[in-house]
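Structural overview for review
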Amino acid sequence: MGLSGRRKVRIGDILINEGILSPEKLDEALALQKEKKKRLGEILVEEGFISDETMANALCHQLGYARADLQNGRIPDDLLSMFEPDILKKYSAIPYMYDDRNVNVILMAMSDPMDMLAVDDLSMISNRMIQPVVATPREIMLAIDKYFGNAEAIKAASDYEQERADLFKEDEMDRMINEDVNNSPIVQLVNSMLEQAVRQRTSDIHIEALEKNVRVRYRIDGALFERMTYNIKLLPAIVARLKVIGGMDISEKRKPQDGRITTFVDGREYDIRVSILPTVYGEKTVMRITNKGNLTRDISELGFNEEERKVFTHILKNPHGIILVTGPTGSGKSTTLYTALSELNTEDVNIITVEDPVEANVAGINQVQTNVKAGLTFASALRSILRQDPDIIMIGEIRDGETASIAVQASITGHLVVSTLHTNSAASTVSRLADMGVESYLIADSVVGIIAQRLVRRLCARCKNKRLANEDELEVLGFEPGTQVEIYEPVGCPNCDNSGYRGRIGVYEIMEVSNEVKRIISKGGDADQIKDAALKNGMNTLRMSATRYVLDGITSVSEMIKVSFES
């Protein structure tokens, strides 16, 4: 098909031909496109009509384009040096490789291969023929970050230093402070830091003040990786910028501060909680990134096996009682809670939550955010909520005896209460409630299920390496010495950013409170007795669940040890 033929094909027609979009949906999207003045492809993905993956595959299938794999292999440096990153971002394109048959032809990964204007422009810049191949906008932006991100950040940093030097010559201190805030290189630096973090699946960004430099680390799948270092002179400007967009006080440098930023990256909304702490060499900033859409998932995505899933859904069917999700910070408790709420969220029930802060907005659920200054604590909010005729109440976290006792009262008077606690195992949760001052017979009466959970990193499917377990590993996995057991270990490749892992999966210990367990709790039995009774009842401990993942090749022994160290 020649270029002239391609020019006439429209994305809408392609998606209708593939059976992906109905004509009505297309009309709806075209109306939105007129209003927002963006490309149709962008509108379709942003508004959730289709995923960018589906779009890319449809273009390949209908127009015979190849699909680019930007994750593996390396793009040649001489190809990259032909283009400025700004142009590539403008056209959502990145040079991919030279054509095997003709060195004057560049294969260009594009999210919109039919954008002839872009093809012509890129062809003029490089003085080569451009042959489009298809990639999603996200894949292209990730690749631009990977190959140009550091160079752009370094350029912004040096621009800033240059401007600073000029300002000092003028000796205008007032202007210096104002410039600090509105300084464009710093704005770019902070923006690119946030964008790169989001695209690399980061959960937290750490900006640390060391003696001579600023260190930026990203937490990806639970582990920290150093991404950049800057001159320490940049720290005040970076922190000032974050204070401005996070709604904090710029002049206060001696006290810890908290703020919030909402930002859009590649058309998705992210909520960023910012915490600033004064340290010896300057203020340290940590940003926790949450994708509002990511917290509510389908039960099948949580990583339960068939048996665990049955028990989980059975516990949720209780008309009243307390369901507790426990585990340390960052073990995925919020995701499990929100998933449970989405499962229970039907038209015939009134669900009210009290959280600090509200982590994701869920349609059809009434969410209350605590506000200590206004006297709205977990306990006071709960008392008001009970007058709002609720069926299901979600409490972000049970932190004290007062909240615990209201939760117990609410569950005994016919409400279903779901909440979280910081404990290590399902059985030890009962002792924690008793320590908070809740009577044993009330715990036995009210608690219907406890889920202890952790997250383990998944081994990268493309590079994990199979081998036989050694003596120490056999002991950890519970096998006799000399047994032949195959396990996998992490290696590292471009797909997983050389970490050996990509993504995480939940490990669960689900304890349904059976009559036997109830009896032990009401007699004031300890965690070990409760655990033994639950094991007889068919519960798997965290260690048993993690061992299963190792034997199935999903995770490594070192990840399993992190999860079940205490058991």
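Residues numbered from 1 in each chain as written. Predicted model: local features only at pLDDT ≥ 70, side-chain atom pairs only at ≥ 80, totals over all residues. Heavy atoms only, no water.

Turning our attention to the overall build of the chain. Helix and strand counts for the chain come out as 23 helices and 18 strands. Taking 2.2 N^0.38 as the reference for a compact globule, 567 residues should give roughly 24 Å; the C-alpha atoms of the chain span a radius of gyration of 27 Å, in line with that estimate. By its C-alpha atoms, the chain is 80 × 60 × 60 Å across when sized along the principal axes. The burial tally for the chain puts 48% of its 567 residues in the buried class. Intrachain contacts of the chain at a sequence separation of at least 6 include 61% that bridge at least 24 residues. On the chain, roughly 27500 Å² of surface is accessible, and the fraction owed to carbon and sulfur atoms is 48%. Seen as two clouds, the 68 positive and the 84 negative side-chain charges of the chain have centres 1 Å apart. (Helix = DSSP H or I, 4+ residues; strand = E, 2+ residues; numbered from the N terminus. Rg over C-alpha atoms; globule rule 2.2 N^0.38 Å. Buried < 20%, exposed > 50% of the residue type's maximum accessible area, 1.4 Å probe, protein only. Contact = heavy atoms within 4.5 Å. Areas by Shrake-Rupley, 256 points an atom, 1.4 Å probe, with all protein chains shown as cover. Lys, Arg positive; Asp, Glu negative; His and termini not counted. Charge placed at Lys NZ, Arg CZ, Asp CG, Glu CD.)

Time to look at the pattern of salt bridges. This structure, assessed with the given rule, holds 23 salt bridges. Across the pair Arg 201 and Asp 221 runs a salt bridge whose closest N-O atoms are separated by 3.1 Å. Taken as a pair, Arg 201 in the loop between helix H11 (184-199) and strand E4 (202-209) and Asp 221 in the loop between strand E5 (213-220) and strand E6 (223-231) lie far apart in primary sequence, 20 residues in all. As a salt-bridge pair, Glu 208 and Arg 215 come within 3.0 Å of each other at their nearest N and O atoms. For Arg 215, a relative accessible area of 21% puts it in the partly exposed group. One salt-bridge network, in which partners are shared between bridges, spans Asp 145, Glu 195, Arg 199 and Asp 266. (Salt bridge = Lys/Arg side-chain N within 4 Å of Asp/Glu carboxyl O.)

The next subject is a negative patch on the surface. A surface patch of negative charge is lined by Glu 347, Asp 348, Asp 389 and Asp 391. Checked against the element boundaries, Asp 389 lands in the loop between helix H15 (378-385) and strand E13 (392-395). With relative accessibility at 61%, the residue Asp 389 sits in the exposed group. (Patch = residues over 30% accessible without salt bridge, like charges linked within 9 Å, V, L, I, M, F, W, Y side chains within 5 Å.)

Strand order in the open sheet formed by three strands is E1-E2-E3, and the pairing between neighbours is mixed. Two strands in the sheet have a free side with no partner beyond their single neighbour: strand E1 (93-98) and strand E3 (129-134). Each strand of the sheet is rotated relative to its neighbour by a mean of 35°, with strand direction disregarded. Inspection of the sheet shows strand E2 (residues 105-110) paired to E3 by six bridges, in the parallel sense. Paired with Ala 109 across the bridge in E3 is Val 133. Most of the contacts of helix H8 (residues 116-126) go to E3, to which it runs at about 130°, and overall it touches E1, E2 and E3. (Pairing = 2+ DSSP bridges. Axes fitted to C-alpha atoms, helices over the stretch in contact; angles between N-to-C directions.)

Tallying each qualifying case throughout the model produces two aromatic pairs. With a centroid separation of 4.8 Å and 40° between ring planes, the pair formed by Phe 304 and Phe 312 is classed as tilted. Ring centres of Phe 304 and Tyr 508 lie 4.2 Å apart, and the angle between their planes is 45°; on these two criteria the pair is classed as tilted. Of the two residues, Phe 304 is situated in the loop between strand E9 (282-291) and helix H13 (306-316) and Tyr 508 in strand E18 (residues 501-512); the sequence distance between them amounts to 204 residues. Ring pairs connect the aromatic residues Phe 304, Phe 312 and Tyr 508, which therefore count as one cluster. Lying across the ring of Tyr 549, Arg 548 places its NZ or CZ 5.2 Å from the centre. (Phe/Tyr/Trp six-rings, centres within 6.5 Å; stacked < 30°, edge-to-face > 60°. Lys NZ or Arg CZ within 6 Å of the ring centre and 35° of its normal.)

Turning our eyes to something else, we now look at the nonpolar core. Ile 395, Met 511, Ile 521 and Ile 530 are the most contacted members of the largest nonpolar core, which has 39 residues in total. The contacts of Ile 530, once residues within four sequence positions are left out, are Ala 427, Val 430, Met 511, Val 517, Ile 520, Ile 521 and Gly 525. Residues Ile 186, Tyr 218, Ile 276 and Ile 289 belong to the second largest nonpolar core, which totals 32 residues. (Core = buried A, V, L, I, M, F, W, Y, C linked by side-chain atoms within 4.5 Å.)

Glancing now at the packing of H15 against helix H16 (residues 401-412). Where H15 contacts H16, the two axes come as close as 9 Å, and the packing angle between them is 20°. In terms of orientation, H15 lies roughly parallel with respect to H16. The element H15 and its partner H16 pack so that their crossing is left-handed. Together, Phe 378, Ala 379, Leu 382 and Arg 383 of H15 and Glu 402, Thr 403 and Ile 406 of H16 make up the contact between the two elements. Across the contact of H15 with H16, the residue classes tally to four nonpolar, one polar and two charged. (Parallel < 35°, antiparallel > 145°, perpendicular 65-115°, else oblique. Left-handed = near helix turned anticlockwise from the far one by under 90°. Nonpolar A, V, L, I, M, F, W, Y, C, P; charged D, E, K, R; others polar.)

Attention now moves to H16. End to end, H16 covers 16 Å across 12 residues, agreeing with the expected 16 Å (1.5 Å per residue, within 8%). Every buried residue of H16 is listed here: Thr 403, Ala 404, Ile 406, Ala 407, Val 408, Ala 410 and Ser 411. Packed against the buried residues of H16 are strand E10 (321-326), H15, E13, strand E14 (416-421), helix H17 (426-435) and helix H18 (440-446). One side-chain oxygen of the residue at the start of H16 lies 3.2 Å from the amide nitrogen of Glu 402, identifying that residue as Asp 400. Once H16 finishes, Gly 414 follows within two positions and takes phi at roughly 100°, a positive value. (Expected span 1.5 Å × (residues − 1). Polar contact = N/O pair within 3.5 Å; in protein donor to acceptor, adjacent residues only side chain to side chain.)

So, about the sheet that holds strand E7 (residues 257-265). Pairing within the open sheet is antiparallel, and its six strands lie in the order E6-E5-E4-E9-E8-E7. In this open sheet, the two edge strands, each paired with only one partner strand, are E6 and E7. Direction aside, the axes of adjacent strands within the sheet are offset by 20° on average. In this sheet, E9 lies alongside strand E8 (residues 268-279) in antiparallel orientation, the contact comprising 10 bridges. Counterpart to Tyr 270 in the pairing with E9 is Asn 291. Contacts from helix H12 (residues 235-245) reach E4, E5, E6, E7, E8 and E9, with the element oriented near 45° to E9.

Looking now at the environment of Pro 236. Mapped onto the elements, Pro 236 comes out in helix H12. Residue class for Pro 236 comes out partly exposed when judged on its relative accessible area of 43%. When the C-alpha atoms of Pro 236 and Ala 209 are compared, they prove to be 9.9 Å apart, with 27 residues separating the residues in sequence.

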